[in-house]
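Overview (structure and organization)
Given next are the chains, with one letter for each unit.
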Amino acid sequence: MRIVDSLSRRSLRATLIIGLVLATGSLSAAREAQPTTTKPTCAADNGGITLPAGFCATVFADNIGHARHLVVAPNGVVYVNTWSGRYYGNDTPPAGGFLVGLLDSTGDGRADVKLRFGDSVQTGSGGGTGITLYRGGLFAEVDDRIVRYALPATGIVPTEAPTVIVSGLPLTGDHPMHPFAIDARGALYVNSGSATNACQVQNRMPRSPGHQPCTETETRAGIWRYDANRTAQRFSPAERFVTGIRNAGGIAVDSMGIGIYATQHGRDQLAENWPALYKPEQGANLPAEELVRLERGADYGWPECYFDDTQQKLVQAPEYGGDGGKAVGVCAQRRSPVAVFPAHWAPNDLVLYYGDQFPVRYRAGAFIAFHGSWNRAPFPQGGYNVVFQPFADGKPTGKYEVFADGFAGAVKEPGRAAHRPAGLAVGPDGALYVADDAHGRIWRIIYTGTVAATRGAPASAPSERAEASAPAAPAERVGPPEGIHPDAGANAAGLPTPNGATAAMVALGDRLYHGNTCVGCHGSNAEGTPLGSDLTKGKWLWGDGSLAAISRTITQGVANPKEHTGVMPPMGGAQLSPSDVSALAAYIKALNH
């Protein structure tokens, strides 16, 4: 038997296509060689996610770095921007540039060509979030700049150096990312997220008042507008388009090319910083995440206001004279959102759907990628999904529905989630792409049912407020138990007892750790997240690892983290007695043995 006979024609053809692309960079050559009758297939488990009936997914690409936003060119090439640095624990990204070009040359819904380009760690870069296409150019955020690559007509990867469109974007503080969008007239809308949580004199510290005035908003917490057709523009206060948006994770342009929408990350730590005004349950469920329509000169409220979705209005923040949700004050003159979502879900991208592959009711609606919460701790975390928000006559209408879920896997926590949605894009064929920045996976979602026959109403959204008051389901793990149930420290007897402590102290420390906000930043297994350090490795950043030093750090808090993004208020924002602090120190010490 000839060797050729043992290979499928499809395998030979795929090999030829990959060879053509890698050898010449020519997308047109690949298109000429690819089969025209291949029908996309889906993974049996949809790549680990759940979808509505009639939808299915493939893992389009995997392990490409911390994938943030993405865009699909008319020829089907998917371009992804990836990020690195302190936001991801300064881990080692894949070799090559932070920008990735992905091509499915065989038509099976999976990228078989992956080419990296652009700046890299070797050139001193940390990558970025924003990316889009405009007039034959690929625009991408890289560090403090937005640059434009000219895309060759027959290639995948740009062959020329990029041109700088805007430079000098702020990179300090809590939100150094710069998502952006370009409208039909070439207006470039750029997010400059806030440097702080609520413009406090001491960021994220208990009872710290807000700056009067909040001068941070001169260069942060808003959307700036530039010209995508001009080069060498510099960021400055003069180009601010709107203000009062704490962090716009996603920005999208409507089908007319002029209506601009953005998501807003609501502020954190109402209960931790203001325990006299808010109960822990209120901190987990306030404030709402927002979808806003951008209008030049509008003020959307941050930092003086937040949106209370139980009252359906903006109310004064405690840093600016708020009394726990009753006072409105200046917030009556601020611009309200056009749709709201559960607290702390973290909306990281937004795309308006104008494809014709999905059922009719999805058209002109919004898909939003929720990165997932940490500030709902010690109550169950939420988000880690993609939701659909219906639109009618260009405006959000009705309740959102969870469209795709299961990204996090068994545990919804920042440090333990399998995947975290961070980017969305619609392909020229109407497929929806979802990017994950935890492990660099890209899903391609398609509809396989009959489009004309599926015009039903959206499913009702789950009640996050009801879920938030229920105990967390235990996850399979080794070590101290997870959850906020009364006997959470029962298994702590399996830990060693440090010198100077007792087994009862370790058990109490376990219960306190998992019953308070510690798990939000350090994780239920105490192995750390991008927000908080690993407490199990014996690496002591603020002392010598003694019980006294650990107790001192817990009591004083960490106002200026050395290696992580999460500020820790004194006592972790919890109400702890001296004996509670000693017990927590004993538990943390025990974890290191």
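The sections below set out a description of the structure shown in this document. (Residues numbered from 1 in each chain as written. Predicted model: local features only at pLDDT ≥ 70, side-chain atom pairs only at ≥ 80, totals over all residues. Heavy atoms only, no water.)

**Re the packing of aromatic side chains**
Using the criterion set out here, one finds 31 aromatic pairs in the structure. Plain terms: the ring middles of Phe358 and Phe367 are 6.1 Å apart, the flat faces sit at 85° to each other, and that makes the pair edge-to-face. For the pair formed by Phe358 and Phe367, the shared burial category is buried. Look at Tyr362 and Phe367: their rings are 6.0 Å apart centre to centre, the planes differ by 10°, and that puts the pair in the stacked class. Comparing Tyr362 with Phe367, the two get one shared label, buried. Three or more aromatic residues link up through ring pairs in this structure, and these residues are Phe55, Tyr353, Phe358, Tyr362, Phe367, Phe388, Phe403 and Tyr447. (Phe/Tyr/Trp six-rings, centres within 6.5 Å; stacked < 30°, edge-to-face > 60°. Buried < 20%, exposed > 50% of the residue type's maximum accessible area, 1.4 Å probe, protein only.)

**Topic: the packing of helix α6 (residues 503–515) against helix α9 (residues 578–591)**
Running from N to C, α6 and α9 cross one another at 95°; their axes reach a closest spacing of 7 Å. As summarised for this structure, α6 and α9 are arranged roughly perpendicular, according to the angle between their axes. Along the contact surface, α6 presents Met505, Val506, Leu508, Gly509, Asp510, Leu512, Tyr513 and His514, while α9 presents Asp580, Ser582, Ala583, Leu584, Ala586, Tyr587 and Ala590. Along the lines of polarity and charge, the residues of the contact of α6 with α9 split into 10 nonpolar, 3 polar and 2 charged. (Axes fitted to C-alpha atoms, helices over the stretch in contact; angles between N-to-C directions. Helix = DSSP H or I, 4+ residues; strand = E, 2+ residues; numbered from the N terminus. Parallel < 35°, antiparallel > 145°, perpendicular 65-115°, else oblique. Contact = heavy atoms within 4.5 Å. Nonpolar A, V, L, I, M, F, W, Y, C, P; charged D, E, K, R; others polar.)

**Observations concerning the pattern of salt bridges**
Per the stated rule, a full pass over the model turns up 14 salt bridges. Across the salt bridge formed by Arg145 and Asp119, the nearest N and O atoms sit 3.2 Å from each other. Of this pair, Arg145 sits in strand β8 (residues 145–150) while Asp119 is found in the loop between β5 (113–117) and β6 (131–134), placing the two residues 26 residues apart along the sequence. Residue Arg145 is classed as partly exposed on the basis of its relative accessible area of 22%. In this structure Asp119 comes out as partly exposed when scored by relative accessible area, which is 28%. Asp174 is the partner of Arg204 in a salt bridge, and the nearest nitrogen-oxygen pair spans 3.1 Å. Placement of Arg204 in the loop between β11 (187–192) and β12 (222–227) and of Asp174 in the loop between β9 (163–167) and β10 (180–182) is noted, with a sequence separation of 30 residues between them. On the accessibility criterion, Asp174 (16% relative accessible area) is buried. (Salt bridge = Lys/Arg side-chain N within 4 Å of Asp/Glu carboxyl O.)

**Structural notes on helix α8 (residues 547–556)**
Here α8 has its buried residues at Leu547, Ala549, Ile550, Ser551, Thr553 and Ile554. Residues of α8 that are buried sit in contact with α9. One or two steps after α8, the chain reaches Gly557, where phi turns positive at roughly 80°.

**Notes on the pairing of strand β29 (residues 442–447)**
Judged by how many residues are buried, β29 sits mostly within the fold: 6 of 6 residues are covered. Side-chain alternation along β29 places Ile442, Arg444 and Ile446 on one buried face and Trp443, Ile445 and Tyr447 on a second face that is also buried. For strand β1 (residues 55–61) and β29, the ladder comprises 6 bridges, and the chain directions are antiparallel. The residue bridging Ala61 from the neighbouring strand is Ile442, located in β29. Sheet topology note: the strand β28 (residues 432–436)/β29 ladder contains 4 bridges and is antiparallel. By the bridge assignment, Tyr433 is partnered in β29 with Arg444. Hairpin remark: β28 followed by β29, antiparallel, with 5 residues in the connecting loop; positive phi at Gly440, about 70°. (Pairing = 2+ DSSP bridges.)

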